[in-house]
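Okay, here's what each chain looks like letter by letter:
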Amino acid sequence: MNKKWSLLLTLTLLAAIVGLGTSTTAAQGPGDGPVAAVSVGATRIEWQPLVSYAGLILTVSGPDGLVFRQEFGAGSVPSFESSGRPDGSYTYELRVIPVVDAETRQALDAARESGDRTAVVSQLQREGKLPQQPLVQSGYLSIEGGAIVMGGALEDEAVEGLAPSDITPMDVPYYDDVIITGSLCVGFDCVDGESFAYDTIRLKEHNLRIHFEDTSYTADFPTNDWRILINDTTIGGANYFAIEDSSAEARPFTIEAGAPAHSLYVEDYGRVGLGTSTPWVELHIVDGDTPTVRLEQDWTAGWTPQTWEVAGNESNFFIRDVTKGSKLPFRIRPGAPDNSIFIKADGNVGIGTSLPDYPLEVERMGTDATFVAERSNGATAKFSAGESEVQLGSVTNHNLKFIVNNSPVATLNAGGNLTLDGSLTELSDANAKENLAAVDGEDVLARLAEVPITTWSFKADDPSVRHMGPTAQDFYAAFGLGQDERHIAPLDTNGVALAGVQELYQMVQEKDAQIAQLQQQNAELEERLEALERLVNSLLQE
């Protein structure tokens, strides 16, 4: 047998054993057909939609981490321009935003509120109101010298030294096990004297595919077909290794050529590394600049799209709201202490403590535990627990209002003036008092008479606001009451006033008694005078 037929026999034998296949397409769409027809120009590529849609999302990734993303509304034709793009291989993905009627939208909104999303979506899919699976088409293109290259002619199959016309297709059935004690080369480009190095099996030709076709025919047995794909077969196609679910016409796993070392690494304990061959934990991501995980909900299931990112770097760990302007609603700086935020099983939140006994508890050691509420264009409120006191109030020059039933009932202004919408009641319980001593009312009046009483205004108030009373220094010097000589307690002024009133009452009582006595004496004198007048008149009449 000549070399030609030996090579042909080897090729056909291996094909019979492993089911070698060669077909592929650059675009992967849903099982019932592609999402769009691809139209390629010199510097522009367009996707003409072949399905109904409310919108389309086109994402194209390319060299140097380039990512192009754009949404196209109903009736629009997605397109991509090569102008200004670097040469190299590109991957595209076209996702369909399904048409969702008002009734379906209401059902989705209600499911979000009730938390029964999965059941509702499944029901809507069974009713045909939502697609059973996302409508997605993906593929590859390249840019060479500013021009788009995609699709076109397939590479010819050829055997070195053997023209296609010299090969007569034939089947070589072999009904027994096959053992090859050397290496095996399969493909039209295998040559006599092939240098295998350490390869045991080598596939060598222009188009490489391995097809796994399950021919089970008994009911309930699995029958799905799979294929291993190596690179595209068309001009401008991509270089990759992929596993294809041939029955569903989808590629669940793809590795593009040029992917860095250890892009995906599974070590012997089951830990997965992304960018590292030594993962420390179940999933370990290593990158030179801000390792990031993106969570993207798109339109394909009918829900409003929303994208979040979880990332960390030398500045902070953060959650980014990509959809709403890449805001950072949550950040943690490196070096934050233990239990900076702690949520117990009962829902209590601790700041600085892992044992919060209250819905919100702030704990600090060696420094004040302070809660501040700040409006950037307004007031700043402060509640602070210090070593020997508690502070509650306004940090800025703003009034402090006390509210009940969401309505102000008292206002404390920056000058320390407290205005009440009700009355002020002070404790004066006999059971709360000790060292009681009688008061000399006459002495109180005597001292009070020496206390200057003036009208005045507080410096912090408007000059038009006037008050009347003694200064704290004069009052304290006269009576020695209160905590210091800078303050006067209403209870003390009331006490002095009451003592003075009692003494004045006693003095009035005494004066009334004197007056009554004098009135009695005056009455007696008047009676004596009247008697003398009668006597004189009588004598004069004689």
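This one's a predicted model, so the numbers in the text were calculated from it and none came from an experiment.

**Re the overall build of the protein chain**
Item 1. Helix and strand counts for the protein chain come out as six helices and 32 strands.
Item 2. Whereas a compact globule of 542 residues would reach a radius of gyration of roughly 24 Å, the protein chain reaches 48 Å, over 25% beyond that.
Item 3. Its C-alpha atoms give the protein chain principal-axis dimensions of roughly 195 × 55 × 50 Å.
Item 4. With 542 residues in all, the protein chain has 24% of them scored as buried.
Item 5. A separation of at least 24 residues holds for 40% of the contacts in the protein chain among residues at least 6 apart in sequence.

**Here we look at a negative patch on the surface**
Item 1. Negative charge collects at one region of the surface, where Glu524, Glu526, Glu527, Glu530 and Glu533 lie side by side.
Item 2. Mapped onto the fold, glutamate 530 is located in helix 6 (residues 490-541).

**Overview of the layout of surface pockets**
Item 1. Approximately 1300 Å³ is the volume found for the largest pocket.
Item 2. Along its surface, the largest pocket is lined by 41 residues, and Ser61, Thr91, Glu93, Thr254 and Glu256 are the ones closest to its centre.
Item 3. Elements with a minimum of two residues in the lining of the largest pocket: strand 3 (55-61), strand 6 (88-97), strand 7 (136-144), strand 14 (250-256) and strand 18 (292-297).
Item 4. Among the elements that line the lining of the largest pocket, the one with the most residues is strand 14, at six residues.
Item 5. In this structure, the second largest pocket spans a volume of roughly 620 Å³.
Item 6. As for the second largest pocket, its lining consists of 20 residues, of which Trp456, Phe458, Ala472, Arg486 and Ile488 are closest to the centre.
Item 7. Top element by residues in the lining of the second largest pocket is strand 32 (residues 467-469). It accounts for three residues.
Item 8. When its residues are assigned to classes, the lining of the second largest pocket shows nine nonpolar, nine polar and two charged.

**Quick notes on the sheet that holds strand 17 (residues 283-285)**
Item 1. The three strands lie next to each other as 15-16-17, forming an open sheet whose pairing is mixed. On the outer flanks of this sheet lie strand 15 (265-266) and strand 17, each paired with one strand and no other.
Item 2. Here strand 15 pairs with strand 16 (residues 272-274) via two bridges, running antiparallel. Following the sheet pairing, tyrosine 265 is matched in strand 16 by glycine 273.

**Considering the pairing of strand 20 (residues 317-321)**
Item 1. Sheet analysis places strand 19 (residues 306-312) next to strand 20, joined by five bridges and oriented antiparallel. By the bridge assignment, glutamate 309 is partnered in strand 20 with arginine 320.
Item 2. Two elements, strand 20 and strand 21 (residues 327-332), share four bridges in a ladder whose sense is antiparallel. Bridge pairing in strand 21 links aspartate 321 to lysine 327.
Item 3. Count of turn residues in the strand 20/strand 21 antiparallel hairpin: five residues, of which glycine 325 carries a positive phi of about 80°.

**Observations concerning the packing of helix 4 (residues 441-450) against helix 6**
Item 1. The interhelical angle for the contact between helix 4 and helix 6, taken along N-to-C directions, is 115°, at an axis separation of 8 Å. As judged from the angle between their axes, helix 4 and helix 6 are roughly perpendicular. Viewed along their axes, helix 4 and helix 6 form a crossing whose handedness is left-handed. Contact residues: Gly441, Glu442, Val444, Leu445 and Leu448 in helix 4; Val496, Ala499, Gly500, Glu503, Leu504 and Met507 in helix 6.
Item 2. Its residues assigned to classes, the contact of helix 4 with helix 6 shows seven nonpolar, two polar and two charged.

**Here we look at a nonpolar patch on the surface**
Item 1. On the surface, a cluster of nonpolar side chains totalling about 1000 Å² of accessible area is made up of Leu360, Phe371, Phe383, Val390, Leu392, Phe402, Val404, Val409, Leu418, Leu420 and Leu424.
Item 2. Secondary-structure elements contributing two or more residues to the nonpolar patch are strand 27 (390-394), strand 28 (400-404) and strand 30 (418-420).

**Considerations on helix 2 (residues 102-114)**
Item 1. End to end, helix 2 covers 18 Å across 13 residues, agreeing with the expected 18 Å (1.5 Å per residue, within 8%).
Item 2. Three or more residues of helix 2 are buried, namely Thr104, Leu108 and Ala111. Buried residues of helix 2, viewed axially, fall in a sector of 60°; they line one side. Opposite the buried face of helix 2, by more than 90 degrees, sit the exposed residues Ala102, Glu103, Gln106, Glu113 and Ser114.
Item 3. Residues of helix 2 that are buried make contact with helix 3 (117-126).
Item 4. Phi for glycine 115, located one or two positions after helix 2, is positive at around 85°.

**Some points on the sheet that holds strand 2 (residues 44-49)**
Item 1. If you trace the three strands from one edge of the open sheet to the other, you get 1-2-5, paired in antiparallel fashion. The sheet is open, and its two edges are formed by strand 1 (36-40) and strand 5 (79-81), each paired on a single side. Between one strand and the next, the sheet's axes are offset by a mean angle of 15°, whatever the strand orientation.
Item 2. In terms of strand pairing, strand 1 meets strand 2 through five bridges, oriented antiparallel. Residue pairing for strand 2: alanine 36 is matched across the bridge by proline 49.

**Some words on the confidence of the model for the protein chain**
Item 1. Looking at the protein chain, the pLDDT average stands at 86 and 90% of residues meet or exceed 70.
Item 2. The weakest mean pLDDT in the protein chain belongs to helix 1 (residues 3-18) at 40; the strongest belongs to strand 20 at 97.
Item 3. Low confidence marks residues 158-164, where pLDDT is under 50. Its contacts with residues over four positions away, or in another chain, come to 13 contacts.

**Notes on the pairing of strand 29 (residues 407-412)**
Item 1. Judged from the five bridges that link them, strand 28 and strand 29 form a sheet pairing that is antiparallel. Paired with phenylalanine 402 across the bridge in strand 29 is alanine 410.
Item 2. Alignment of strand 29 against strand 30, held across three bridges, turns out to be antiparallel. Bridge assignment links threonine 411 to a residue of strand 30, and that residue is threonine 419.

**Describing the state of the cysteines**
Disulfides are covalent bonds that connect the sulfur atoms of two cysteines.
Item 1. One pass over the structure, following the stated rule, counts one disulfide.
Item 2. The disulfide that involves cysteine 185 links it to cysteine 190, with 1.8 Å between the sulfurs. Looking along the S-S bond of the cysteine 185-cysteine 190 disulfide, the torsion reads about -85°, which is the left-handed sense. The two residues cysteine 185 and cysteine 190 agree in class, both being buried.

Thresholds, definitions, all that
- Residues numbered from 1 in each chain as written.
- Predicted model: local features only at pLDDT ≥ 70, side-chain atom pairs only at ≥ 80, totals over all residues.
- Heavy atoms only, no water.
- Helix = DSSP H or I, 4+ residues; strand = E, 2+ residues; numbered from the N terminus.
- Rg over C-alpha atoms; globule rule 2.2 N^0.38 Å.
- Buried < 20%, exposed > 50% of the residue type's maximum accessible area, 1.4 Å probe, protein only.
- Contact = heavy atoms within 4.5 Å.
- Patch = residues over 30% accessible without salt bridge, like charges linked within 9 Å, V, L, I, M, F, W, Y side chains within 5 Å.
- Areas by Shrake-Rupley, 256 points an atom, 1.4 Å probe, with all protein chains shown as cover.
- Salt bridge = Lys/Arg side-chain N within 4 Å of Asp/Glu carboxyl O.
- Lys, Arg positive; Asp, Glu negative; His and termini not counted.
- Charge placed at Lys NZ, Arg CZ, Asp CG, Glu CD.
- 1 Å grid on protein atoms, 1.4 Å probe; cavity = no way out; pocket = protein on both sides within 12 Å on 5 of 7 lines; lining within 4 Å.
- Points joined across faces, edges and corners; volume = space filled by probe spheres on them.
- Nonpolar A, V, L, I, M, F, W, Y, C, P; charged D, E, K, R; others polar.
- Pairing = 2+ DSSP bridges.
- Axes fitted to C-alpha atoms, helices over the stretch in contact; angles between N-to-C directions.
- Parallel < 35°, antiparallel > 145°, perpendicular 65-115°, else oblique.
- Left-handed = near helix turned anticlockwise from the far one by under 90°.
- Expected span 1.5 Å × (residues − 1).
- Arc of directions from axis to C-beta.
- pLDDT = per-residue confidence, 0-100.
- Disulfide = S-S within 2.5 Å.

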